[in-house]
Amino acid sequence: MILSKKWLADYVKLSMSTDELTERLTLTGLNLEGVETVGDDTVIDLEVTSNRPDCLGHIGVAREIAVLWDEKLHQPDPQPKATGPKNSVSVEITCPQLCSRYTARVIRGVKIGPSPDWLAERLRSLGIAVVNNVVDISNYVLFECGQPLHTFDLGKIAGEKIIVREAREGEEFTAIDHKTYKLSAGTCVIADAERAVALGGVMGGADTEVSETTTDLLIESADFDPLSTRTTARTHHLHSPSSYRFERGVDPEGIDWASRRCCELILELAGGELDGGPASAGRSGEATESPEIKLRFPQIPRLLGIDVPESEVRQILTDLGCRETHHCDHCVKVIAPTWRADLTREVDLLEEIARIHGYEKIPEDGQVRMAPSHRSHEDIVLERVRRVVTAAGFDEAMTLSTVEPELVDAFRPWTDAAPLLTSTPVLRRANALRQSVVPSLLGCRKTNLAMSNRVVEQFEIAKVYLPRMGQLPDERRMLALASGGEFLAVKGVVETILTELAIALPLTVRENSAPAWLASSRAVTLHLGESQLGILGELSSEALDQWDLRGPVTIAEIDLAPLLDAAEWIPRAVPFTTYPPISRDLNVVFDEAIRWADVEQIVRTEGGELVERLAFMETYRDADRLGAGKKSLVWTLTLRSAKGTLTSEKADAVRDRIVAKLAKDLGGELRA
Amino acid sequence: MALSDFIADLDSLATDAESAFAKATASDALEAARVEFLGAKGGRLKAIQKGMGQVEKGDKPAAGQKLNAVKKAIEEAFELAKSRLAETASAAGGTDDPFDPTLPGHPLRLGRLHPITQTIERMKEIMGRLGFTAVEGPEIEDDWHNFEALNIPLSHPARDPLDNFYLTSSPAAEAASPLLLRSQTSTVQIRVMEQVLANAVAGEAAPSVRIVSLGRVYRPDTADATHYPMFHQIEGLLIDRGVTMADLKSVLRMFCQSYYHTDDRGAGVAEVPADDVQIRFRPSFFPFTEPSVEVDINWQGGWMEIGGAGMVDPNVLRAVGYDPEEVTGFAFGMGVERIAMRQHNITDIRDLYTNDARFLAQF
């Protein structure tokens, strides 16, 4: 809201400096946005919150100033003389839910011309275009009291009849901007006997506009529904100072005042004769009286933490325009002024007391009670996960939760359900809630390559959104990794995470079950005990081409829920033996199809509780020495007993048992 | 043997030794020269020493004196050569081992946490010390938790479809009420209050709540340097008997004192000495609090807005099942991006979500 200091001075004494004025207003609810000097005037821009439409006019702000500086508010009392015949215009409202009150006054025989300098100057200082005396006066009254008005050329109103009704579906209307709008049913229009002449509260019509030739005026002052006004303004992109105010609500008691004020100024500045009496329809003023609000004095320290003297409380409320109906030792009862529709409850009055008394009086060194807080299991586990992946050289990325729909379809390890869509894209074309974080990280990788960034190792911990019938979606938190390393490097990161979380459940992989985009020989699903943990794999050459990436690129996506379930973050010590360990290196030749996992299982089973450590060393292939389709696996087995020193013979016996079992079950042949 | 011969032998030995030591440019050459002249078994000095037996008896004291003088001179020459070599070696980096210790060490590539994560973790940690437990909740919400329970009725502009990311209904996600991407993390506060009340024992005092909720929120803003349609919020909530606005102000002040604290070495984080941190409230309007305020802290001689706050609106308390006559509460909210950007000198919010490796490596 832009305010002229000179204009404000019409209603309240401004003894303070501009700095003092704006500082105090800022601290009581009208935040300073800017100050400018226009001619010999100072123009102040104040932010008015949506609950305070009473401050969208100079009188409203002057009232705040009067309360804060204990000054008197001088509000005009317009009493325009009706010298013409009785007002013969008829007003009818057929949609009271869209327009609760409508008054029309008529002035005949006006002379349209330029506004006097003082009026033009005031509007110009606010940045409002100056048109002609009549239009300028209606704008002046709007910025004076916050009530929007509209003036019609009465000669163009068919049948001297005003009907406030809902538009018919598809009804056309040509506005002052000479554009034609197609209206939808339910839009509030002002019509004459024949057609719509204005969009209620939003904009007037082109052919009933006041022009140089106009002599007779119909002055509209009304109350239009906030929601409907907003919808109409938004639908047709017709935002105006008028729609802005109706959207926030006008003072029902101010409607007639504004109408009288407008007529008084027109008679004074443009001449003419006012018809007797307003033509009105809708709710009358008396019915708008607000209910009584009780403020219990003990509620002030209970909520604000400070005491405010009762006399000051009563003074503040009365100064703000409340009418006191009762007071005693315990409470005060008031009826809020009609321009303060935001005051309906005790707590609303408490806020008024707080802001006028001053928030600076609330102490900031109170003794807040101590309370134990705790870190959630999830927080602790996620911190460990982040520690491992950053130690492994991965930077944390953060990407948008939505993606282009085709990216969901292309890579979906967790569901086949169609993605959830937002009605408008969150960014560019991204309107699908993602079902995997991997495509987003590949997008980042591509961006980084385009920037010639050499090493791009990234992870993200974020949710995927899996639809569920009849309830909120299943939001699952994922750890996604995208690396320039190869399969085993990234698998090692995942294994380290499990180690760091002291997870006892075994990690297993399944081949030939990973989704598209991954090279079939180097892609697996990961499993933790019985739960699916995630996916891991190198991108196929087709996927690399599609993403414009150079290989290898290895991705992993881990569902954090099974990790959280299995993680133990309070370690428990176990006793360890002081007997010496004994190691045996094994080098066994197998068919290519044999998997290390199968070998490992036999080694552990046969070794039993003596196995302290099993360290895989290498895979060796040599068609000449081992034969085609063969490989040798090399590992070190460390044995240790808790009961006594292990003899070499005993260790050899364990080794022999393992070798025999490997030969029997897997066709393994000891090489060395 | 004549004394003069003996002395002449010693003199020539001394000359040879000094010259040999002086010529040695490496420690092994010097060592060889030492063995040649001073060697305990076959050294030349030793050989001459053996010849002293043949010197006339009366000349022996003079011969012994000369021998000791020459021995001392040769040893000094050796020590001199040795320290000369050591100096050269240390200046030239050692000639024996070509190792260059000035080469860079093997770099350890550590990943970095995203600045938003770092900011959130820091805020959580501070609020944790103030007794607030961090909680999270769903990002896709229903009307009740995002609006109704927060005292935002259907007629409120905040519910306009153009100001929210509503989901299109799909057969797979048919739900009782329209779903949307949450526009604030206050939704989590509603869920927590509902939950503690559901778990409360009938007839006992209403349970208290002391949490911070945080996470991603979504609003249809066009992306530019200061706006992004997704951002992060952190919101605090304290519900109990006797909670006042003074408590709100005090908690916010303690948070800021802690967050913007600078110790002697805290350059860079340095903002305001803890004792000077002040909180300023300006009246504002939020549907879920009454009174509502904007919160400023003093900053570089002026005031800086850090978020919104207020006393929980009685309608919100009633919506979840509290009696506003029994308990009161405060709530506050802060935008994580804005605080992180100001602290880390990030000038474009989009940089946070582009994930350029060079950008991420800075934090």
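Treat the numbers as computed from the prediction; the structure is a model and nothing was measured.

Here we come to the domain arrangement of chain A. Each domain of chain A was delimited in the assignment, giving domain 1 (2-69), domain 2 (82-287), domain 3 (289-357), domain 4 (377-566) and domain 5 (582-670). Domain 3 of chain A and domain 5 of chain A are separated by 85 Å when their C-alpha centres are compared.

Further remarks concern the sheet that holds strand β25 (residues 507-511) of chain A. Residues and elements named next belong to chain A. Ordered in space as β20-β23-β24-β28-β27-β26-β25, the seven strands form an open sheet in which the pairing is mixed. The open sheet terminates on both sides in strands that have one partner only, identified here as β20 (395-396) and β25. With six bridges connecting them, strand β24 (residues 474-483) and strand β28 (residues 554-559) associate as antiparallel partners. By the bridge assignment for β28, L479 is matched with I558. Packing of helix α14 (residues 438-450) onto the sheet brings it into contact with β23 (458-466), β24 and β28, and relative to β24 it is tilted by some 35 degrees.

Moving on: the sheet that holds strand β4 (residues 209-218) of chain B. Pairing in this open sheet of seven strands is mixed, and the strands run β1-β4-β5-β9-β8-β7-β6 (chain B) from one edge to the other. Each edge of the sheet is formed by a strand with only one pairing partner; in this case those strands are β1 (133-135) and β6 (279-286) of chain B. Across this sheet, the average inter-strand angle for adjacent strands is 25 degrees, counted without regard to direction. Direction of pairing for β4(B) relative to strand β5 (residues 230-240) of chain B: antiparallel, over a ladder of 10 bridges. The residue bridging B:V209 from the neighbouring strand is B:I239, located in β5(B). Helix α11 (residues 346-357) of chain A rests against β6 and β7 (289-299) of chain B of the sheet, and its axis sits at about 30 degrees to β7(B).

Moving on: unusual backbone geometry. Cis geometry marks the peptide bond from A:G551 to A:P552, where omega comes out at -5 degrees. Among the structural elements, A:P552 can be located in the loop between α16 (541-547) and β28. The omega torsion of the bond from B:E290 to B:P291 falls at -5 degrees, within 30 degrees of zero and hence cis. In this fold, B:P291 is placed in strand β7. One non-glycine residue, A:E160, lies in positive phi territory at about 45 degrees.

What follows is about the pairing of strand β15 (residues 273-276) of chain A. Here strand β4 (residues 82-86) of chain A runs beside β15(A); their pairing, made up of two bridges, is parallel. Its bridge partner being in β15(A), A:A82 is matched across the sheet by A:L274.

To continue, consider the environment of A:P337. Residues and elements named next belong to chain A. With respect to the helices and strands, P337 occurs in the loop between β19 (331-335) and α11. You can call P337 partly exposed: it has 17 C-beta atoms within 10 Å. Between the C-alpha atom of P337 and that of R625, which follows or precedes it by 288 residues, the distance is 101 Å. Excluding its chain neighbours within four sequence positions, the residues that come into contact with P337 are G321 and C322.

Okay, the interface of chain A and chain B next. Between chain A and chain B, the residue contacts involve 78 residues of the former and 68 residues of the latter. Contributions of two or more residues to the side of chain A that touches chain B are made by α2 (18-28), α6 (226-235), α9 (299-304), α11, α12 (377-391), β20, α14 and β23 of chain A. In terms of residue count, the dominant contributor to the side of chain A that touches chain B is α11(A) (six residues). When its residues are assigned to classes, the side of chain A that touches chain B shows 37 nonpolar, 25 polar and 16 charged.

Residues and elements named next belong to chain B. Look at helix α5 (residues 115-129): 21 Å from first C-alpha to last across 15 residues, which is about the 21 Å you get at 1.5 Å a residue. Of all the positions in α5, only P115, I116, T119, I120, M123 and M127 are classed as buried. For α5, the angular spread of buried residues about the axis comes to 135 degrees, placing them on one side. Tucked inside the fold, the buried residues of α5 contact β4, β5, α8 (245-259), α10 (336-344) and α11 (351-354). Backbone geometry just after α5 places G131 at a positive phi near 95 degrees.

Let us look at the packing of α6(A) against helix α7 (residues 241-248) of chain A. Residues and elements named next belong to chain A. With their axes 7 Å apart at the nearest point, α6 and α7 run at an angle of 145 degrees to one another. For the crossing formed where α6 meets α7, the hand is left-handed. In this structure, α6 contributes P226, T229, R230 and A233 to the contact, and α7 contributes S243, F246, E247 and R248. Residues of the contact of α6 with α7, tallied by class, amount to three nonpolar, two polar and three charged.

Scoring rules and cut-offs
Residues numbered from 1 in each chain as written. Chains lettered and ligands numbered in written order. Predicted model: local features only at pLDDT ≥ 70, side-chain atom pairs only at ≥ 80, totals over all residues. Domains from an automatic or database assignment. Pairing = 2+ DSSP bridges. Helix = DSSP H or I, 4+ residues; strand = E, 2+ residues; numbered from the N terminus. Contact = placed C-beta atoms within 7 Å. Axes fitted to C-alpha atoms, helices over the stretch in contact; angles between N-to-C directions. Buried ≥ 20, exposed ≤ 12 C-beta atoms within 10 Å, placed from the backbone. Nonpolar A, V, L, I, M, F, W, Y, C, P; charged D, E, K, R; others polar. Expected span 1.5 Å × (residues − 1). Arc of directions from axis to C-beta. Left-handed = near helix turned anticlockwise from the far one by under 90°.

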